Amino acid sequence: EVGGRTFCHYTLGSDSPLAIADVTGMPAFEDVPTVRSLGVRAYLGIPMRTSAGHHIGSFCAIDVRPHPWSDQDVQILTELAHSALREIELRMALRDAHGRVEEARERERRDQQRARLLGFSADVALHLSQADDLKVVLQRCTERMVQHLDAAFARIWTVNATAGVLELQASAGRATHLDGPHS
């Protein structure tokens, strides 16, 4: 990581390439950290801006000796920068598309779960309204739980306040007996 204002900062502030053949004697660039730390003398940078107009970096070449950059050098680096930018934008688009697909799958999963729960609620409500005997109602509810929730078994317990215990009232699925070691 380089601190301070770099050549790339100057490049990003422009819409055109920045070509410096020799930074020696150029006061605007004497404080660029890489001039001292790396001995940079020449710089050619192409601003990289997405199609949405966001500056994301610069594509650059440097030299430690004076280097008069030719029009062909600028053209080659510009083409390389555009190729890199296209690849970056394609990857960003692919990442965004994957994100949208995952969001759609999550919405579909939630919708299916909501529909399943609504079906379960409607089925239980129907059975609650069709029976007078509480044991029959509770038994039908446990059967609906096993069916709609794809559970191995379901149980309904009630509190016996006098005895201070839970009592099994209904059971469906595997191990359905109401007494003994599985209750």
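To be clear, the structure that these remarks concern was listed above.
Reference entry: report on the structure contained in this document. Just so it is clear, the structure is predicted and the values come from calculations on it, not from any experiment.

Considering the sheet that holds strand 1 (residues 18-20)
With antiparallel pairing, three strands are arranged side by side in an open sheet as 1-2-3. Every interior strand has two partners, whereas the edge strands, strand 1 and strand 3 (55-63), have only one. Taken over all neighbouring pairs, the strand axes of this sheet differ in orientation by 10 degrees on average, direction set aside. Strand direction decides the pairing type here: strand 2 (residues 42-49) and strand 3, joined by eight bridges, are antiparallel. Within strand 3, the residue paired with Y43 across the bridge is I62.

Examining helix 4 (residues 134-149)
Since the α-helix advances by 3.6 residues per turn, residues separated by three or four positions end up pointing in the same direction. Over its 16 residues, helix 4 runs 22 Å from end to end, which matches the ideal 22 Å to within 8%, given 1.5 Å per residue. Looking at the packing, one finds that the buried side of helix 4 touches helix 3 (71-130), strand 4 (153-160) and strand 5 (165-173). Where helix 4 terminates, the next one or two residues include D150, which has phi positive at roughly 55 degrees.

Notes on the packing of aromatic side chains
Scanning all chains against the criterion turns up three aromatic pairs. Ring centres of F7 and F29 lie 5.6 Å apart, and the angle between their planes is 35 degrees; this geometry places the pair in the tilted category. Highlighted residues: F7 in helix 1 (residues 7-12) and F29 in the loop between strand 1 and helix 2 (33-37), separated in sequence by 22 residues. One exposure class covers both F7 and F29, and it is buried. Where Y10 meets F29, the ring centres are 5.0 Å apart and the plane angle is 75 degrees; that geometry is what we call edge-to-face. Placement of Y10 in helix 1 and of F29 in the loop between strand 1 and helix 2 is noted, with a sequence separation of 19 residues between them. Residue F29 is classed as buried on the basis of its relative accessible area of 9%. Aromatic ring contacts, followed pair by pair, group F7, Y10, F29 and Y43 into a single cluster. Stacked on the ring of Y10, the Lys or Arg R5 has its end atom at 4.4 Å from the ring centre.

Some words on the nonpolar core
Listed in full, the eleven residues of the largest apolar core are F120, V124, V137, L138, C141, M145, V146, A154, I156, A170 and A172. Looking at this core, the elements that each hand over two or more residues are helix 3, helix 4, strand 4 and strand 5. At five residues, the largest contribution of residues to this core is made by helix 4. Beyond its immediate sequence surroundings of up to four residues, F120 is in contact with R144, M145 and H148.

Each value, and the rule that gives it
Residues numbered from 1 in each chain as written. Predicted model: local features only at pLDDT ≥ 70, side-chain atom pairs only at ≥ 80, totals over all residues. Heavy atoms only, no water. Pairing = 2+ DSSP bridges. Helix = DSSP H or I, 4+ residues; strand = E, 2+ residues; numbered from the N terminus. Axes fitted to C-alpha atoms, helices over the stretch in contact; angles between N-to-C directions. Expected span 1.5 Å × (residues − 1). Contact = heavy atoms within 4.5 Å. Phe/Tyr/Trp six-rings, centres within 6.5 Å; stacked < 30°, edge-to-face > 60°. Buried < 20%, exposed > 50% of the residue type's maximum accessible area, 1.4 Å probe, protein only. Lys NZ or Arg CZ within 6 Å of the ring centre and 35° of its normal. Core = buried A, V, L, I, M, F, W, Y, C linked by side-chain atoms within 4.5 Å.

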